[in-house]
Amino acid sequence: MNDPLQSKEARSRYPLVENQVQAQIMALVHVEARPISRGQLVGALDSSRTKISTEVGRLIELGLLAEDGFAESDGGRRSSLLSIPRSAGLIAAIDFGATSIDVALTTLGSEIVAHKGEPADIKDGPQTILARAKTLLSELLEEQVAEPSDVISIGVGVPGPVHQAAGVLRSPPIMPGWDRFPIRSAFAGEYAAPVFVDNDVNVMALGEHWGGVGRGVDNLLVIKVGTGIGGGIITDGRLYRGTQGCAGDIGHICVDPSGPVCTCGNLGCLEAMAAAPSIALEAERRAREGASSALAAMLEERGELTAEAVGEAAGLGDYEALSVIRGSGRLIGRVLATLVSVLNPSLIVIGGGVSRSGHVFLAEIRSAVYQRSLPLATRNLPIVLSELENDAGIVGASVLAAQSVLHVSSHEVPIARTGQGGAGT
Ligand SMILES: [Zn+2]
């Protein structure tokens, strides 16, 4: 099997670092997202000044770090700052939504260099959708006068459950034809860079944690409400994927055993009752029943209602539209209250298309969570909208790709075997 992660070319470039201290230095510079001094590295890492200085020298030789100006003088000698130079290589960040493709080139430091997006239907299948993504990527490279060989890592977010080790989707409900499709191989040949695939909401959580409103928050829940509903969990500053990679897949939690049939085949899943298609369907029903003249007029004019249109009508104060959006927010809030009890996060970020349906959606989620969680768990629990919005996916895909190539695998560093307080020891 031609797995690009295993190919000779890719293996020679991945990981990009040579040892655990280099990995720690790069992780810190990547997280800081601005130039950092050697002194800051020494303060943050558990290694000697000499060791860090040696490894920084080596990272500069490898082209992964570069001197970048000087720190503010505190009276003594001004120390030079370090950052990840653009010449370290480019990351291809790809975010597949149910109805969109976004492709970006970023630096290894996850700064967006160029970005292209277009509507797409994920149901068109992997061949068509991946070909489109590759075309967009080629166009971006051409515009930046760059070559496929300048790409050192590829991060891909997909709207379905991903088997982490294999990098493939497993029985994705809304993605016919994608089950076990070798996404990584689609880039082989043209690109020598390794390809890292994860669920779109995990990717979004990485983006929010790295550069969004969740920056610096160690225990964070990120919820995406769009065509589907999913959750990404950051605990102790790291993405929690669970055993198979599907932790946080909250869309298929049952909220009504006698509810409508979900795309997964079960009855009354959260997704089937609160995501964009169900908002549209419920609004259409009310429009047809004559409950709302505003929704009926929209339906008449446009032929169908979308969640976006319902948000529009809600913004104009339509009672039925508001009530449909409130209903969705309430169900999501109830499931979140359960998650709050299990995980005790310090921030919840809500993103995805439906999150833009107006303040009433967020207000309803908040009130359901605060009503149903223990006071201690919600005493200081902000529930806020994503600030990165559409960029959360590509920023997160870039963070996934950067972290993955700058990480020394546990095969090389048996952290779990040192007996230093690992899980269960
Ligand atoms: Zn379901």
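Residues numbered from 1 in each chain as written. Predicted model: local features only at pLDDT ≥ 70, side-chain atom pairs only at ≥ 80, totals over all residues. Heavy atoms only, no water.

A word on the environment of A205. Note that A205 resides in helix α7 (residues 200-211). The spatial distance from the C-alpha of A205 to the C-alpha of A165 is 19 Å, given a sequence separation of 40 residues. Setting aside its immediate chain neighbours within four residues, A205 contacts V222, G232, I234 and L239. (Helix = DSSP H or I, 4+ residues; strand = E, 2+ residues; numbered from the N terminus. Contact = heavy atoms within 4.5 Å.)

Four donors placed tetrahedrally about a metal ideally form angles of 109.5 degrees, and six donors placed octahedrally ideally form angles of 90 or 180 degrees. Within the protein, H252 (ND1), C262 (SG), C264 (SG) and C269 (SG) serve as the donor atoms for the zinc ion, at 2.0 to 2.3 Å. Taken together, the four donor atoms coordinating the zinc ion span angles of 103 to 123° at the metal, a pattern that classifies the geometry as tetrahedral. For the zinc ion, the donor residues sit on a single chain with the sequence spacing H-x9-C-x1-C-x4-C. In this pair, H252 sits in the loop between β13 (238-240) and α8 (270-274) while C269 sits in the loop between β13 and α8, placing the two residues 17 residues apart along the sequence. The exposure class assigned to H252 is partly exposed, which follows from its relative accessible area of 24%. (Donors = N, O, S within 2.8 Å, 3.2 Å for Na, K, Ca; no water. Tetrahedral: all angles 85-135°; square planar, octahedral: opposite > 155°, others 65-115°. Buried < 20%, exposed > 50% of the residue type's maximum accessible area, 1.4 Å probe, protein only.)

A sheet is described by the order of its strands in space; here five strands give the open sequence β6-β5-β4-β7-β10, paired in mixed fashion. At either end of the open sheet lies a strand with only one pairing partner, and these are β6 (112-119) and β10 (195-199). Across the sheet, the mean angle separating the axes of adjacent strands is 15° when strand polarity is ignored. Bridge analysis of strand β4 (residues 90-96) against strand β5 (residues 100-107) gives seven bridges, and the strand direction is antiparallel. Among the inter-strand pairings, I94 is bridged to a residue of β5, identified as V103. Strands β4, β7 (151-158) and β10 of the sheet are contacted by α7, whose axis makes an angle of about 100° with β10. (Pairing = 2+ DSSP bridges. Axes fitted to C-alpha atoms, helices over the stretch in contact; angles between N-to-C directions.)

Counting 49 residues, the largest nonpolar core has V17, I25, M26, L41, L64, L65 and L108 as its most contacted members. Broken down by secondary-structure element, the contributors of at least two residues to this core are α2 (20-32), α3 (38-44), α4 (49-61), β4, α7, β11 (220-225), β14 (347-351) and α15 (391-405). (Core = buried A, V, L, I, M, F, W, Y, C linked by side-chain atoms within 4.5 Å.)

A few words now on the pattern of salt bridges. Enumeration over the complete set of coordinates arrives at 20 salt bridges. A network of salt bridges, in which partner residues are shared, links E282, R285, R286, E289 and E320. (Salt bridge = Lys/Arg side-chain N within 4 Å of Asp/Glu carboxyl O.)

This paragraph deals with the packing of helix α9 (residues 276-288) against helix α10 (residues 293-302). The N-to-C vectors of α9 and α10 enclose an angle of 105°; their axes lie 8 Å apart at closest approach. Considering the angle they form, α9 stands roughly perpendicular to α10. Mapping the contact onto sequence places A283, E284, A287 and R288 in α9 and L295, A296 and L299 in α10. Partitioned by chemical class, the residues of the contact of α9 with α10 number five nonpolar, no polar and two charged. (Parallel < 35°, antiparallel > 145°, perpendicular 65-115°, else oblique. Nonpolar A, V, L, I, M, F, W, Y, C, P; charged D, E, K, R; others polar.)

Moving on to unusual backbone geometry. Even without being glycine, D236 reaches a positive phi, approximately 50°. Tracing the sequence through the fold places D236 in the loop between β12 (229-235) and β13. Judged by relative accessible area, D236 falls into the exposed class, the value being 63%. In the Ramachandran plot, N344 falls in the positive-phi region, its phi being about 45° despite a non-glycine side chain. Take N344: it is sitting in the loop between α12 (319-343) and β14. Under the relative-accessibility criterion, N344 is labelled partly exposed at 47%.

A few words now on the state of the cysteines. Applying the stated rule across the entire model yields zero disulfides. For C254, which is in no disulfide, the shortest distance to another cysteine sulfur is to C269 and amounts to 6.6 Å. For C254, a relative accessible area of 45% translates into the label partly exposed. (Disulfide = S-S within 2.5 Å.)

Turning our eyes to something else, we now look at α15. Spanning 15 residues, α15 covers 21 Å between terminal C-alpha atoms, matching the ideal 21 Å at 1.5 Å per step. Within α15, 13 of the 15 residues are buried, which leaves it mostly tucked inside the rest of the structure. (Expected span 1.5 Å × (residues − 1).)

Turning to the side chain of R184, a few remarks are in order. Examined against the element boundaries, R184 turns out to sit in helix α6 (residues 183-187). A polar atom in the side chain of R184 sits 3.4 Å from the backbone oxygen of V195. (Polar contact = N/O pair within 3.5 Å; in protein donor to acceptor, adjacent residues only side chain to side chain.)

A residue-level look at the protein finds 92% of positions with pLDDT of 70 or above and a mean pLDDT of 89. Counting contacts from residues 1-12, a segment whose pLDDT is below 50, to residues more than four positions away or on other chains yields 16 contacts. Contacts for the low-pLDDT stretch residues 410-425, under 50 throughout, to residues beyond four places or in other chains number four contacts. (pLDDT = per-residue confidence, 0-100.)

This paragraph deals with the sheet that holds β14. Within a beta sheet, neighbouring strands are joined by backbone hydrogen bonds and run either parallel or antiparallel to one another. With respect to topology, five strands assemble into an open sheet ordered β13-β12-β11-β14-β15, the strand pairing being mixed. Because the sheet does not close on itself, it has two edges, and the strands there are β13 and β15 (383-385). Between one strand axis and the next, the sheet turns through 25° on average, direction left out of account. Contacts from α12 reach β11, β12 and β14, with the element oriented near 160° to β11. This element, helix α13 (residues 359-372), spans β11, β14 and β15 of the sheet and lies at about 160° to β15.

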